[in-house]
Amino acid sequence: MGMAGLENSNSAPSASAQQSWGSSLGFVLAAAGSAIGLGNLWGLTYRVALGGGMAFLVLYLVAVVLLGFPLLLAELVLGRHTRRSPLLATVAVGGPSWRPLGWLFPLGSALILGYYAVITAWVGRALLAVLQGHVPTDQASADAFFLKLSGGWAEAVAYGLVLALTAAVVATGVQQGIERLSRWSMPALLMLLTGLLIWSASLADAPARYEEVLLHWRWSDWLDPHILRQAFSQAFFSLGLGSGAMLAYASHLGQREPLPQQAAIITALDTAVGLLAVFIVVPLMSTAAVGQHDGTGAVGTLFVAIPLGFASLGSAGPLLMAAFFFLASIAAVTSAVSLLEVPVAVVMDRLGWGRAVTTWSTVAVVALLGLPALLRTDLLMASHDLFGGVVLIGSGLLLSLLMGWVAPQQLREDLSQLPPPLLRVLLLALRWLAPLLLGGVLALSCVEIVQPKISLWL
Ligand code: PFF
C-alpha cells in the first residue's frame, strides 16, 4: 500500500480497529490485564529471591520509570494515532522501511504466546491438583508434583484448552470478549492479592524473611551486568513492551482519551502487583528451595518452591495455594489474550478476514510454534530468554528510534495537553536514553544468552 493510502487511513480505521473499547476504564483494565501476568507473579519474585535482592528491585524500578513509562506512552500514541494493527502502524508513520519492525510484533507475540500457554497450562493443572487435594508435602513430592504437571498427555490437553480459551475470548471481540473478561478479572485479582498479602505478611517469620531477601545489599550487585540485564528485561516483559500488544489495544481508542494518565495507571498497577507478589511469596519460600531449582530456572519457583511454602502452613495451606494458582490463572489468561490479539489484528488488517476466522487460524499456528516448549522445559526457558528477552528488547529499541527520531511530531500532536517540559523529557528519554540503555541491554543479552547457545551448537 502506498503512503498516501496509509495517511488517509489515519481517519478511517482498518478492519482490526473498527471495534472500540466500551469505556476508558475498560481499556485501562484490559491493558493492565495484558501487563499483569505470570511475569509479575513468577519472574520478579524468582529474580529477587535468587540474587540481587535490593539492587535488582531498585534497578527494576529505575527501568520501569526511565524506559517503561516513556515506551508505553509511545506505543499508545502510535496505536491510537494510526488506528492500525501493529504491522501497518509502523509503516503509516515511518514509511515502508519500518515494515520489518511491524513484522517483528506479531512474530514475537506469537512465539511468546507459544511457550506462555505451556506455563499457563501448568498453572491450570496445579490449580486442579490442589482442588483435588493433591498438595506436595516435602521436597521429593514437590519435585514429583512439578514433573507430573509438566508431562504426559494431560499436559498437551491442558495446553490445547488454554489456547482455545484464549482464542474464544479474542474471537468474541474487543469489547464483548477482552473488555468483559478484564472488567471482572482484574478487580478479582487485586482483591485476592491483597488478601494473600495480609495473610503472608502476618506470618511469624515474615519480617526476618523480608530483611534477609529484600534488604540484601552487596555493592558489587549494582554493577553486575547480569543483574542489570535481568532487571531491564523483567521491566520490559512485565509491561509487555515491544510486543505490539499495547499498540494493538490502543488502536481501538478514541482520540480524546488521556493517554499519559492511562499509561501512568497501567505502569503503576503492573508494578504494584509485581511488588505485592514479591511481598506475598518471599515469606513463603526459603532461598534454598529456590536455589535448588535453578536448573529449571524461574519455573521451579512457581511450581516447586511455592507449593512447598504453602504446604508448610498446615490446614490453611491448600486453600491459600488454590487462591494463589487461581489468581495466577486469571493473570496468565488476560496476558495470553493480548498476545494473541497482536497477530490476529495484523492478519485482519493485511488479509481483511473476519475476526473469528482469523483468530482460530492464528491460534492453530501458535499451537504449532509452542510445540518445542511443550515437549522440552529447557526449550521453554530458551524461548523465554530469546523471545521474551532479546526480541522484545530489540523491537523496543527500534520503537524508541521510530517514535523519538522519525515520528516525534505524532507525540507532539497527540500529547499536546502535556506541559512542554514533560514532553521534552519524554522525547529525551525516547531519543537518547532508551536507545542507549536498550542497546546496552541487548548487547549484554547477546553475550549472556545467544553466544553460549551458538557455541553449544558449534
Ligand atoms: N506482561 C506479561 C507478564 O508479565 O506475564 C507477559 C506479556 C504479556 C508479554 C503481553 C508480552 C505481551 F505482549
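Procedures and definitions
Residues numbered from 1 in each chain as written. Predicted model: local features only at pLDDT ≥ 70, side-chain atom pairs only at ≥ 80, totals over all residues. Heavy atoms only, no water. Helix = DSSP H or I, 4+ residues; strand = E, 2+ residues; numbered from the N terminus. Rg over C-alpha atoms; globule rule 2.2 N^0.38 Å. Buried < 20%, exposed > 50% of the residue type's maximum accessible area, 1.4 Å probe, protein only. Contact = heavy atoms within 4.5 Å. Near = heavy atom within 4 Å. Polar contact = N/O pair within 3.5 Å; in protein donor to acceptor, adjacent residues only side chain to side chain. Areas by Shrake-Rupley, 256 points an atom, 1.4 Å probe, with all protein chains shown as cover. Nonpolar A, V, L, I, M, F, W, Y, C, P; charged D, E, K, R; others polar. Axes fitted to C-alpha atoms, helices over the stretch in contact; angles between N-to-C directions. Parallel < 35°, antiparallel > 145°, perpendicular 65-115°, else oblique. Left-handed = near helix turned anticlockwise from the far one by under 90°. Salt bridge = Lys/Arg side-chain N within 4 Å of Asp/Glu carboxyl O. Phe/Tyr/Trp six-rings, centres within 6.5 Å; stacked < 30°, edge-to-face > 60°. Lys NZ or Arg CZ within 6 Å of the ring centre and 35° of its normal. Expected span 1.5 Å × (residues − 1). pLDDT = per-residue confidence, 0-100. Patch = residues over 30% accessible without salt bridge, like charges linked within 9 Å, V, L, I, M, F, W, Y side chains within 5 Å. Bend = angle between axes of the 7 residues up to and from the residue.

## So, the overall build of the protein chain
When helices and strands are counted, the protein chain shows 21 helices and 0 strands. Relative to its length of 458 residues, the protein chain is compact, with a C-alpha radius of gyration of 21 Å against a globular reference of 23 Å. Once the C-alpha set of the protein chain is aligned to its principal axes, its extents read approximately 65 × 50 × 50 Å. Counting over 458 residues, the protein chain shows a buried share of 58%. Taking all contacts inside the protein chain whose residues are at least 6 apart in sequence as the whole, residues at least 24 apart take part in 86%.

## Some points on the site of the ligand
As a matter of local geometry, the ligand sits amid 15 residues, with A35, G39, Y116, S238 and S243 nearest to it. Within the contact set of the ligand, a nitrogen atom lies 3.4 Å away from a backbone nitrogen or oxygen of S34. Between an oxygen atom of the ligand and a main-chain N or O atom of G39, the distance comes to 2.8 Å. If the ligand stood free it would expose 340 Å²; the protein chains cover 100% of that surface. Mapped onto the shell around the ligand, the elements with two or more residues apiece are α2 (24–35), α3 (38–50), α11 (225–239) and α16 (317–351). Residues of the shell around the ligand, tallied by class, amount to 6 nonpolar, 9 polar and no charged.

## Re the packing of helix α6 (residues 99–131) against α16
Close contact between α6 and α16 brings their axes to 8 Å; oriented N to C, the two are set at 155 degrees. Comparing their axes, α16 and α6 come out roughly antiparallel. Seen from above, α6 lies across α16 with left-handed handedness. Looking at the contact of α6 with α16 residue by residue, the classes come out as 26 nonpolar, 4 polar and 2 charged.

## Observations concerning the pattern of salt bridges
Scanning all chains against the criterion turns up 8 salt bridges. One salt bridge in this structure joins R209 and E212, with 2.8 Å as the shortest N-O distance. Taken as a pair, R209 and E212 lie in helix α10 (residues 206–214) at a separation of 3 residues, close to a single helical turn. What makes R209 buried here is its relative accessible area of 9%. We classify E212 as partly exposed; its relative accessible area is 46%.

## A short note on the packing of helix α5 (residues 86–94) against α16
At a closest axis distance of 7 Å, the pairing of α5 and α16 adopts a crossing angle of 65 degrees. Comparing the axis directions of α5 and α16 gives the class roughly perpendicular. Of α16, the residues touching α5 (which contributes P86, L87 and L88) are V342, A345, V346, D349 and R350. Here the residues of the contact of α5 with α16 are counted per class, giving 6 nonpolar, no polar and 2 charged.

## Thoughts on the side chain of T359
Along the chain, the position of T359 falls in helix α17 (residues 355–369). On the basis of relative accessibility, which here comes to 0%, the residue T359 falls in the buried class. Within the structure, T359 has its side chain in polar contact with the backbone oxygen of R355 (distance 2.6 Å). Excluding residues within four positions of it along the chain, T359 makes contact with A167, V170, A171, L340 and V344.

## Comments concerning the packing of aromatic side chains
Summed over all chains, the structure comprises 15 aromatic pairs. Ring centres of Y210 and F279 lie 5.0 Å apart, and the angle between their planes is 55 degrees; on these two criteria the pair is classed as tilted. Of this pair, Y210 sits in helix α10 while F279 is found in helix α13 (residues 259–281), placing the two residues 69 residues apart along the sequence. Judged by its relative accessible area of 14%, Y210 falls in the buried class. One Lys or Arg, R431, reaches over the ring of W405 and ends 4.6 Å from the middle of that ring.

## So, helix α8 (residues 152–172)
Taking 1.5 Å per residue, 21 residues should reach 30 Å; α8 reaches 31 Å between its end C-alpha atoms and fits that length. Within α8, burial applies to E155, A158, Y159, V162, L163, T166, A167, V169, V170 and A171. Contacts from the buried residues of α8 go to α6, α7 (139–149), α9 (174–201), α16, α17 and α18 (371–375). Positive phi appears at G173, one or two residues downstream of α8, with a value of about 115 degrees.

## Some remarks on the confidence of the model for the protein chain
Mean pLDDT over the protein chain works out to 89, with 91% of the residues at or above the 70 mark. Least confident of the elements in the protein chain is helix α1 (residues 3–9), whose mean pLDDT is 39; most confident is α17, at 98. Across residues 1–11 the pLDDT falls below 50, and counting only partners more than four positions away or on other chains, this stretch makes 15 contacts in the model.

## Observations regarding the environment of F303
Here F303 lies in helix α15 (residues 298–311). Setting aside anything within four residues of it in sequence, one finds F303 in contact with I119, W122, V123, A126, A142, F145, F146, L149 and F325.

## Focus on a nonpolar patch on the surface
Nonpolar side chains collect at one region of the surface, where V58, V62, V65, L66 and L433 lie side by side and expose about 350 Å² of accessible area between them. Of all the elements, helix α4 (residues 53–82) adds the most residues to the nonpolar patch, at 4 residues. Positionally, V62 belongs in helix α4. Residue classification places V62 among the partly exposed positions, given a relative accessible area of 33%.

## What to know about α9
Between its terminal C-alpha atoms α9 stretches 38 Å, which fits the 40 Å expected from 28 residues at 1.5 Å a residue. The sharpest bend along α9 reaches about 25 degrees and sits at R183, with the proline P187 one to four residues further on.

## Topic: the environment of D221
You can see D221 is positioned in the loop between α10 and α11. On the accessibility criterion, D221 (1% relative accessible area) is buried. Once the C-alpha coordinates of D221 and S200 are considered, the two residues, 21 residues apart in sequence, prove to be 27 Å apart.

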